[in-house]
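Structure at a glance
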Amino acid sequence: MSTDAIVLLKEDHKEIRRLFKAFQEAEEGPASKRGKIVEQILEALTVHTYLENEVMYPEVRKLVPDVEDDILESYEEHHVADVLCFELFTMDADDERFNAKTTVLIENVLHHVEEEEQEWFPKVREALGRNQLQEIGQRMLDLRPKAPKTPKTPTAPKALKKSLDAVVA
């Protein structure tokens, strides 16, 4: 198994795409099945974004100044995904907005993944040596077992209120 950070993140992206496809195939089926798939999506995204936010992004931001703007945008895209994940985490799968909210999450994450893979991963690979990418990847692997598995409640009261309002509205 590779410890290259980019390879590890792309493997996560592949698994997340697989889960998205499973949701889309189950969209018209029983709510319980959709709910279980969304639970898997939320766990995969929560772990993945944690590893990027805690290890990959800070390290790349420090070592590859050319992707500073890309990293900042990625943090914001993660924030949007985090809010959607939290909202889905608090919803029942038979809620009338569950499928729509999941679809919006999927669209946002796929956009984010494409930007990472097409725009800034190549710049990072070019700028960092194999050893640096393996060191970053090893740190991500070491941290993975400690990563949260469920979306965390937004800590800012305003963010929490907006999230709850969106779910309850």
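Everything here concerns the structure above.
Our subject in this report is the structure included herewith. (Residues numbered from 1 in each chain as written. Predicted model: local features only at pLDDT ≥ 70, side-chain atom pairs only at ≥ 80, totals over all residues. Heavy atoms only, no water.)

1. Some details on the pattern of salt bridges
Rule in force here: Any carboxyl oxygen of Asp or Glu within 4 Å of a side-chain nitrogen of Lys or Arg constitutes a salt bridge here. Per the convention used, a helix needs a DSSP run of H or I reaching at least four residues, while a strand needs a run of E reaching at least two, with both numbered from the N terminus. Exposed residues in this analysis have more than 50% of their type's maximum accessible area, buried residues have under 20%, and partly exposed residues fall in between, with area computed by a 1.4 Å probe over protein chains only.
A full pass over the atoms with the stated rule returns 11 salt bridges. Residue Arg18 is joined to Glu15 by a salt bridge in which the shortest nitrogen-to-oxygen separation is 2.6 Å. Here the residue Arg18 and the residue Glu15 both occupy positions in helix H1 (residues 5-26), the gap between them amounting to three residues, near one helical turn. Assessed through its relative accessible area of 46%, Arg18 is described here as partly exposed. A salt bridge links Glu87 to Lys101; its shortest N-O distance comes to 2.7 Å. One end of the pair, Glu87, is in helix H3 (residues 68-89); the other, Lys101, is in helix H4 (residues 98-127), with 14 residues separating them in the sequence. Of the residues examined, Lys101 reaches a relative accessible area of 11% and is grouped as buried. Overlapping salt bridges bring together Arg17, Glu114 and Glu117 as one network.

2. Examining the layout of surface pockets
Quick note on the threshold: In this analysis the probe radius is 1.4 Å and the grid spacing 1 Å, with only protein atoms considered; a cavity is a set of points the probe fits into but cannot get out of, a pocket is an open set with protein on both sides within 12 Å along at least five of seven lines, and lining residues have an atom within 4 Å of a point. Grid points are joined across faces, edges and corners, and a volume is the space filled by probe spheres set on the points. Three classes are used, and their members are as follows: Ala, Val, Leu, Ile, Met, Phe, Trp, Tyr, Cys and Pro are nonpolar, Asp, Glu, Lys and Arg are charged, and the others, Gly among them, are polar.
Here the second largest pocket is characterised by a volume of approximately 150 Å³. Mapped onto the lining of the second largest pocket, the elements with two or more residues apiece are helix H2 (31-63) and H3. Here the lining of the second largest pocket is composed, by residue class, of seven nonpolar, one polar and two charged.

3. Here's the deal with the nonpolar core
Formally: Each nonpolar core is a collection of buried residues, namely Ala, Val, Leu, Ile, Met, Phe, Trp, Tyr and Cys, held together in the definition by side-chain atoms within 4.5 Å.
The biggest cluster of nonpolar side chains holds 22 residues, and the ones touching the most others in it are Met56, Val60, Val67, Trp120, Val124 and Met140. When residues of this core are traced back to their parent elements, those giving at least two are H1, H2, H4 and helix H5 (130-143). Looking at this core, the element that brings in the most residues is H2, giving six residues. Formed by 21 residues, the second largest nonpolar core is a distinct cluster that contains Ile16, Ile41, Ala81 and Val109.

4. Details of the environment of His112
Our working rule: Residues are treated as being in contact if the distance between any of their heavy atoms lies within 4.5 Å.
For His112, the position within the fold is in helix H4. Separated by 31 residues in the primary sequence, His112 and Ala81 place their C-alpha atoms 9.7 Å from one another. Each residue touching His112, except ones within four places of it in the same chain, is listed here: Glu52, Tyr57, Ser74, Glu77 and His78.

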